[in-house]
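# Analysis of the macromolecular model
So the chains spell out like this:
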Amino acid sequence: MAVFITFEGLDGAGKGTQLKLLLEYLKQKGVPHIFTREPGGTPMAERIRGIVLDPAHAGMSVISEALLFAAARADHVNNVIRPALESGQNVICDRYVDSSMVYQAFAGGLPLEFVAGINEMATGGLKPHRTIMLDIPPEVARSRRGVNGPDRIEEMDEWYHEQVRQGYLELAAAEPRRFKVIDASGSVEQVQERIRMLVDEVLPRR
Ligand code: TYD
């Protein structure tokens, strides 16, 4: 059985760099896998991504956000993630349901049961075997964010990002076997080593 592994963290935690290194490692080892991301991963979901992250939509309500992320996710799970897993490809995904739980529920204020419920419907209950969260303080994340202008969600204030982080830590405490938190303020190499260990632990033996 192939495994489904997701990555989470504040924008600026270094997910991009670490994922790139992880993909090189998997390729070297000859592990069959695909890499994908949310919001996005299918043509329809990428269009929804454009809508939901567009700074021009500054007044978007959090409920619209949650429903749009879930709509994109349904398409992504049905057309990419599930078929890949069924064909024996391991799936590495940048963000998944936990992002909606922390950004739209913990930080955004929607009831947790509501966000969990729409995502249960959207994914048909598909859960990651492992989730790895790269943890850094919000002020460090902010200073690391790229040179491209901030997207609509990155523009939210410090308080919002602190809530996001706390949300992640609560999810990790609730499901410690699935959800692993890594201190991402270490060196790129240290963080990568820890990620590879956590990934190797769940990869199917061949
Ligand atoms: P991401 O692709 O990580 O941003 P970037 O391309 O700038 O690195 O994620 C885009 C933003 O969407 C990020 O701020 C988190 C947010 N998001 C949610 O609020 N809810 C969700 O369900 C998902 C998947 C992302």
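To start, this report covers the structure provided alongside it. (Residues numbered from 1 in each chain as written. Predicted model: local features only at pLDDT ≥ 70, side-chain atom pairs only at ≥ 80, totals over all residues. Heavy atoms only, no water.)

## Regarding the pairing of strand β1 (residues 4-9)
In summary, the side chains of a regular strand alternate between the two faces of the sheet. Burial within β1 is extensive, with six of its six residues counted as buried. Judged by which residues are buried, β1 turns out to be covered on both faces: F4, T6 and E8 on one side and I5, F7 and G9 on the other are all buried. Bridging between β1 and strand β3 (residues 90-94) involves four bridges; their strand directions are parallel. When the bridges of β3 are listed, I5 appears paired with I92. Direction of pairing for β1 relative to strand β4 (residues 130-135): parallel, over a ladder of five bridges. Among the inter-strand pairings, T6 is bridged to a residue of β4, identified as T131. (Buried < 20%, exposed > 50% of the residue type's maximum accessible area, 1.4 Å probe, protein only. Helix = DSSP H or I, 4+ residues; strand = E, 2+ residues; numbered from the N terminus. Pairing = 2+ DSSP bridges.)

## Regarding the packing of helix α4 (residues 97-107) against helix α5 (residues 112-123)
Packed helices, taken two at a time, are described by the angle between their axes plus the distance between the axes. In the contact formed by α4 and α5, the axes pass within 9 Å of each other and the chain directions differ by 150°. One finds that α4 runs roughly antiparallel with respect to α5. The crossing of α4 and α5 is right-handed. Here α4 contributes V97, S100, M101, A105 and F106 to the contact with α5, which in turn contributes L112, V115, A116, N119 and T123. Considered class by class, the residues forming the contact of α4 with α5 number seven nonpolar, three polar and no charged. (Axes fitted to C-alpha atoms, helices over the stretch in contact; angles between N-to-C directions. Parallel < 35°, antiparallel > 145°, perpendicular 65-115°, else oblique. Left-handed = near helix turned anticlockwise from the far one by under 90°. Contact = heavy atoms within 4.5 Å. Nonpolar A, V, L, I, M, F, W, Y, C, P; charged D, E, K, R; others polar.)

## A short note on helix α3 (residues 62-86)
With 25 residues, α3 extends 33 Å between its outermost C-alpha atoms, agreeing within 8% with the 36 Å of an ideal straight helix rising 1.5 Å per residue. At the exit of α3 stands G88, carrying a positive phi of roughly 90°. (Expected span 1.5 Å × (residues − 1).)

## Comments concerning the site of the ligand
In the vicinity of the ligand lie 16 residues, with R49, R73, R95, S100 and Q104 positioned nearest. For the ligand, whose free accessible area comes to 550 Å², the fraction covered by protein is 86%. Contributing elements (two or more residues each) for the shell around the ligand: α2 (43-53), α3 and α4. Ranked by residues supplied to the shell around the ligand, first place goes to α4 with four residues. Each residue belonging to the shell around the ligand can be placed in one class, and the counts come to five nonpolar, three polar and eight charged. (Near = heavy atom within 4 Å. Areas by Shrake-Rupley, 256 points an atom, 1.4 Å probe, with all protein chains shown as cover.)

## Here's the deal with the nonpolar core
As a rule of thumb, nonpolar side chains are buried together in soluble globular proteins. Ranked by size, the top nonpolar core spans 58 residues in total, and within it F7, I195 and V199 carry the most contacts. Per-element tally for this core: the top contributor is α3, with seven residues. (Core = buried A, V, L, I, M, F, W, Y, C linked by side-chain atoms within 4.5 Å.)

## Points about the pattern of salt bridges
The tally for this structure, following the rule as stated, stands at eleven salt bridges. A salt bridge links R95 to E8, with the nearest nitrogen and oxygen atoms 3.8 Å apart. Pair noted here: R95 is in the loop between β3 and α4 and E8 is in strand β1, with a separation of 87 residues, a long-range link. By relative accessible area, which is 0% here, E8 ends up buried. Residues D98 and R178 are paired through a salt bridge, measuring 2.8 Å at the closest nitrogen-oxygen approach. In this pair, D98 sits in helix α4 while R178 sits in the loop between α7 (158-174) and β5 (179-183), placing the two residues 80 residues apart along the sequence. Classification of D98 by relative accessible area gives buried; the value is 5%. Residues joined in a network through salt bridges with shared partners are D98, K127, E175 and R178. (Salt bridge = Lys/Arg side-chain N within 4 Å of Asp/Glu carboxyl O.)

Limitation: the analysis is restricted to geometry and does not speak to function.
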